[in-house]
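In case you want the letters, here they are:
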Amino acid sequence: MKILVTGGAGYIGSIVVEELVQEGEEVVVFDNLLFGHREAVHPAATFVFGDLADRAAVHDLFESHRFDAVMHFASHTLVGESMRKPFLYLGANVTNALNLLQEAVDHGVRRFILSSTANLFDRPERIPITEEERIVPGSPYGESKFIIERFLHWLDRIYGFRYAALRYFNAAGASPTGERGEDHNPETHLIPRVLQVALGQREKITIFGDDYPTRDGTPVRDYIHVTDLAQAHILALRALDEGSRTYNLGNGQGFTVREVIEVAREVTGHPIPAEVGPRRPGDPAVLIASSEKIRRELGWEPRYPDLRTIIEHAWQWHRTHPYGYASTGESG
């Protein structure tokens, strides 16, 4: 298949591209490099610089290539920022997706994978969280993904537009090849921030609250290896001929913030000083996904389910790329 990957120069998108190339697929990456890095794009993929906000550029992209499927990762993704800039998220995220969807429909593409989010479940009633959990987005970011999911629902009904919405929890780790990993500026995710302490780039890590009703008082989160996430995208793509689908993606087990820090200490051999700060507004105590549906329907099984392996792969990346893709004189 010839597959368009928007945001394919970003963290998750670039590793999905790597997995697609290894499976023999033809890949075109469309990215404006606002958050991504040109060097993250697999050399076997075709790279097209462009912005989904530019409808003419998106039209030209579909005119130049005959795609069999689209995987959509390009998005503003910071929950906290979306609370400060709701128009950016409810505006740009949705409008850009609609530009992409319109061209896909107009050019006869009928397979679409959406990078969705666990932020659809702000206050889940049941843990682990299944696909049947009531949707209450926790931010304008989560709301933007839900709006896109609803558009996909109607495109399926009207045009037979087959889609998979993959709602994932905490993507972590790096590609086992060591070639691609997490490079955000600013960095907001726990594991890379902890590893930055081990690299000497931060003095300490702050734990936001230690009075939650959990086994050690710190929040519990579900971490899924980014390569396992990529494989779920590929399995979902290949199942679309059997109908549209929605999946929650996680390991089905959770780890506290203190547990993540302790495993990182063991992996890196660094003491990683930590201090307790106040809770962050809106942080739930526990978020754990149920991935039973995708396991049952598609046979998906994480290859790297344990936290230690996830952190080892992340550490391999950060140690060899201490300043991300700029570590080797690259830019992006």
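Residues numbered from 1 in each chain as written. Predicted model: local features only at pLDDT ≥ 70, side-chain atom pairs only at ≥ 80, totals over all residues. Heavy atoms only, no water.

Asker: Outline the overall build of the protein, listing residues and values.
Answerer: Looking only at helices and strands, the protein has ten helices and 14 strands in total. For the protein, whose C-alpha radius of gyration is 19 Å, the value lies close to the compact-globule estimate of 20 Å for 332 residues. For the C-alpha atoms alone, the extent of the protein along its principal axes is close to 55 × 45 × 40 Å. Per-residue burial for the protein yields a buried fraction of 57% across its 332 residues. Here the analysis covers contacts within the protein between residues at least 6 apart in sequence; of these, 77% occur between residues at least 24 apart. Taken together, the 34 basic and 46 acidic charged side chains of the protein have centroids lying 3 Å from each other. (Helix = DSSP H or I, 4+ residues; strand = E, 2+ residues; numbered from the N terminus. Rg over C-alpha atoms; globule rule 2.2 N^0.38 Å. Buried < 20%, exposed > 50% of the residue type's maximum accessible area, 1.4 Å probe, protein only. Contact = heavy atoms within 4.5 Å. Lys, Arg positive; Asp, Glu negative; His and termini not counted. Charge placed at Lys NZ, Arg CZ, Asp CG, Glu CD.)

Asker: I'd like to hear about the pairing of strand β6 (residues 162–168), residue by residue, with values.
Answerer: Burial of β6 is extensive: six of the seven residues sit out of reach of the surface. Here strand β5 (residues 111–117) runs beside β6; their pairing, made up of seven bridges, is parallel. The partner of Ser 115 across the bridge, within β6, is Leu 166. Crossover β5 to β6 through helix α5 (residues 140–159) is right-handed. (Pairing = 2+ DSSP bridges. Right-handed = clockwise from strand over helix to strand, strands pointing away.)

Asker: Can you lay out the layout of surface pockets for me, pointing to particular residues and giving the numbers?
Answerer: If you add up the space inside the second largest pocket, you get close to 210 Å³. Lining the second largest pocket are 15 residues, with Asp 183, His 184, Gln 196, Pro 322 and Tyr 323 sitting closest to its centre. (1 Å grid on protein atoms, 1.4 Å probe; cavity = no way out; pocket = protein on both sides within 12 Å on 5 of 7 lines; lining within 4 Å. Points joined across faces, edges and corners; volume = space filled by probe spheres on them.)

Asker: Give a description of the packing of helix α1 (residues 11–22) against helix α7 (residues 226–238) that names residues and reports values.
Answerer: Viewed as axis vectors pointing N to C, α1 and α7 meet at an angle of 60°, and their least axial separation amounts to 9 Å. For the crossing formed where α1 meets α7, the hand is right-handed. Contacts from Tyr 11, Ile 12, Ile 15, Val 16, Glu 19 and Leu 20 of α1 reach α7 at Val 226, Thr 227, Leu 229, Ala 230, Gln 231, His 233 and Ile 234. The residue inventory of the contact of α1 with α7, partitioned by class, reads nine nonpolar, three polar and one charged. (Axes fitted to C-alpha atoms, helices over the stretch in contact; angles between N-to-C directions. Left-handed = near helix turned anticlockwise from the far one by under 90°. Nonpolar A, V, L, I, M, F, W, Y, C, P; charged D, E, K, R; others polar.)

Asker: Can you explain the sheet that holds strand β14 (residues 286–287)? Please cite residues and give values.
Answerer: The mixed open sheet is built from three strands, whose spatial order is β12-β9-β14. A strand with exactly one partner marks an edge of an open sheet, and here the two such strands are β12 (255–256) and β14. Pairing between strand β9 (residues 220–221) and β12: two bridges, direction antiparallel. Opposite Val 220, over in β12, you have Thr 256 as the bridge partner.

Asker: Let's hear about unusual backbone geometry: which residues, and what values?
Answerer: For the bond from Ile 127 to Pro 128, the omega torsion is 0°, close enough to zero to count as cis. For Pro 128, the location among the structural elements is in the loop between β5 and α5. Cis rather than trans, the peptide bond between Asn 185 and Pro 186 has omega equal to 5°. One can find Pro 186 in the loop between β7 (170–172) and α6 (190–198). The phi dihedral of Leu 33 is positive, around 60°, even though this residue is not glycine. With respect to the helices and strands, Leu 33 occurs in the loop between β2 (26–31) and β3 (46–49). Even without glycine at this site, Ile 272 takes up a positive phi of about 45°. Structurally, Ile 272 can be placed in the loop between α8 (257–268) and β13 (274–277).

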